Amino acid sequence: MTPPLRQLRLAHGGLAGLAEAVRSGALPADAPLRASLGRVASRDPALHAFTQVLTDAVPGTEGPLAGLPVAVKDNIDVAGHVTSLGLPLDARPVAERDAEVVTLLREAGAVLVGKTNLPELASSAVTRNPHHGDARNPWDPERTAGGSSGGSAVAVAADMVAAALGTDTAGSTLIPAALTGVCGMRPTHGRLSTRGVVPLSPTFDTVGVMAWEPRDVALVFGVLDGSAGRTPSEVGLAGLRVGVLTGWFREAEPGVLARFDEAVARLAEAGAVPVPVELPTAPVVRERARVIYTREVGAVYSGLLDEGDENAVYSASVERRRVPGADDVGYARALRFRAEWRREVEAAFADADVLACPTTPVTAPRIDTATEETTSALMAFTYPFCLAGVPALSLPCGLHESPHGGLPVGMTLVAPAGADLGLLDVGAACQDAVLPAHPRPYPPPPRERHP
């Protein structure tokens with residue numbers, strides 16, 4: 001019997017060690033894949049992580065990701081398969097070629113096991129989908145996994161894949177990573193190729209990476225950005241200046257702030273130096289950023305939806321975005337604001353090596369009560385860094401106990417533009433201090449959902 005994927009990973013010291021076991025022949029090349037597909041069969045019918053499972057997957061035996069089962073969000077092209085965008089599979093065309101990031105995964109030896117769920121046209125921070133089911137949080141299936149890369153987060157958190165790609169426009173990788181207790185990275189804007197990825201808002205869009213821990217994210221990220229094979233820096237926390245964001249970024253649920261503050265305290269115990277940092281403009285960033293977002297999303301949707309039945313009815317989150325937003329003057333003004341905001345964020349690093357805040361101000365909301373206000377709240381702390389275009393990494397920093405059980409809380413670390421690899425190294429050191437790698441919190445066994 002094949003051990004669970006998580007057990008294989010732990011036994012080999014992480015994904016890098018698991019891939020090395022496949023390359024060396026110490027582990028059968030198909031062992032991780034069999035573990036993955038077994039888990040998909042047992043958990044996905046209840047959690048709805050996938051829109052498509054690729055049963056013809058063949059594991060690689062060479063490369064830094066040899067034999068590792070991965071998944072990609074279903075707005076990323078995979079040759080021979082529909083890019084559904086969360087719509088019915090028969091409503092969208094089959095992709096003729098792989099997206100560039102998919103090509104890189106295959107060349108590195110990864111095995112693609114499926115395409116993951118998202119809200120229609122990646123339109124929400126809550127993955128509700130009438131065609132493929134709502135992506136449900138493994139920690140409590142009555143709660144959302146976030147979005148729009150919710151399916152990718154569920155696939156990792158529920159041990160169905162070793163890693164997954166999402167996309168991130170306004171926090172679409174960071175938010176679901178935080179809500180499901182995994183690690184997620186939004187790279188510097190423009191760092192990774194988006195060729196073969198259906199756009200949403202080009203000013204913000206990037207591919208994101210999710211995995212169990214920062215070192216696992218770094219392994220996949222290195223393949224995508226061309227730094228595979230580099231030796232990670234062993235970062236010491238002594239003297240590391242952690243800019244703890246104040247003001248706007250403290251407007252969170254008490255339980256979320258408690259876990260975040262405990263994480264900062266553990267970093268201080270390990271030698272880091274917390275310093276308060278204020279970004280005075282942060283409270284208005286989301287409003288200004290949405291001017292850009294709605295203008296670009298409206299234009300993209302207009303092109304996508306004109307290809308089909310103009311009388312078709314989509315989810316409310318899509319319908320609200322079908323009409324382009326601001327006029328040319330408003331759009332240009334918002335772009336000028338973006339430049340000013342980037343300078344404000346850049347200046348903050350004069351006093352800090354990394355910035356830190358809770359990833360979301362709330363834990364995972366219930367799916368059946370999620371509203372547009374829910375979506376807006378989930379993006380409150382991610383939008384600012386998406387507009388700035390800087391790399392951000394969400395780390396799990398504990399569980400907020402509730403009457404319904406523990407729910408994950410995420411902590412975001414932010415670095416200057418271009419410092420992606422350094423951020424991953426710092427993230428690994430922080431993760432070890434904040435939440436030891438072994439044992440790690442793990443979603444409880446599935447329980448019945450009540451109507």
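Residues numbered from 1 in each chain as written. Predicted model: local features only at pLDDT ≥ 70, side-chain atom pairs only at ≥ 80, totals over all residues. Heavy atoms only, no water.

1. Description of the packing of helix H4 (residues 100–107) against helix H7 (residues 214–225)
- In the contact formed by H4 and H7, the axes pass within 9 Å of each other and the chain directions differ by 115 degrees. It follows from the interaxial angle that H4 and H7 lie roughly perpendicular. As H4 packs across H7, the resulting crossing turns out to be right-handed. Contacts between H4 and H7 involve Val101, Leu104 and Leu105 on the former and, on the latter, Val220, Val223 and Leu224.
- Tallied by class, residues from the contact of H4 with H7 come to six nonpolar, no polar and no charged. (Axes fitted to C-alpha atoms, helices over the stretch in contact; angles between N-to-C directions. Helix = DSSP H or I, 4+ residues; strand = E, 2+ residues; numbered from the N terminus. Parallel < 35°, antiparallel > 145°, perpendicular 65-115°, else oblique. Left-handed = near helix turned anticlockwise from the far one by under 90°. Contact = heavy atoms within 4.5 Å. Nonpolar A, V, L, I, M, F, W, Y, C, P; charged D, E, K, R; others polar.)

2. Observations concerning the packing of aromatic side chains
- Scanning all chains against the criterion turns up four aromatic pairs.
- Between Phe249 and Phe385 the ring centres are 5.8 Å apart and the planes differ by 25 degrees, which places this aromatic pair in the stacked class. Here Phe249 is found in the loop between strand S9 (241–245) and helix H8 (254–269), whereas its partner Phe385 is found in helix H13 (residues 383–388), with 136 residues between them in sequence.
- The class for Phe249 is buried, based on a relative accessible area of 1%.
- An aromatic cluster is present here, built from Trp248, Phe249, Phe381 and Phe385 joined pairwise through their rings. (Phe/Tyr/Trp six-rings, centres within 6.5 Å; stacked < 30°, edge-to-face > 60°. Buried < 20%, exposed > 50% of the residue type's maximum accessible area, 1.4 Å probe, protein only.)

3. Some details on the pattern of salt bridges
- Following the criterion strictly, the structure yields 19 salt bridges and no others.
- The partner of Asp140 in a salt bridge is Arg143, with the nearest N and O atoms 3.2 Å apart.
- A residue is classified by how much of its surface remains accessible, and Asp140, at 3% relative accessible area, is buried.
- When the shortest N-O distance is used, the salt bridge between Arg191 and Asp225 registers 2.8 Å. On the criterion of sequence distance, the pair formed by Arg191 in the loop between strand S7 (183–186) and strand S8 (206–211) and Asp225 in helix H7 is long-range, its members being 34 residues apart.
- Take Arg191: its relative accessible area is 29%, and that puts it in the partly exposed class.
- Through salt bridges with shared partners, one network takes in Arg9, Glu213 and Asp216. (Salt bridge = Lys/Arg side-chain N within 4 Å of Asp/Glu carboxyl O.)

4. Quick notes on the packing of H7 against helix H14 (residues 420–434)
- At a closest axis distance of 9 Å, the pairing of H7 and H14 adopts a crossing angle of 165 degrees. The pairing of H7 with H14 is recorded here as roughly antiparallel in orientation. Judged by the sense of rotation from one axis to the other, the crossing of H7 with H14 is left-handed. Every residue of H14 that contacts H7 at Pro214, Arg215, Val217, Ala218, Phe221 and Asp225 is listed here: Asp420, Leu421, Leu424, Gly427, Ala428, Gln431 and Asp432.

Such coordinate-based values are descriptive only and should not be taken to indicate function.
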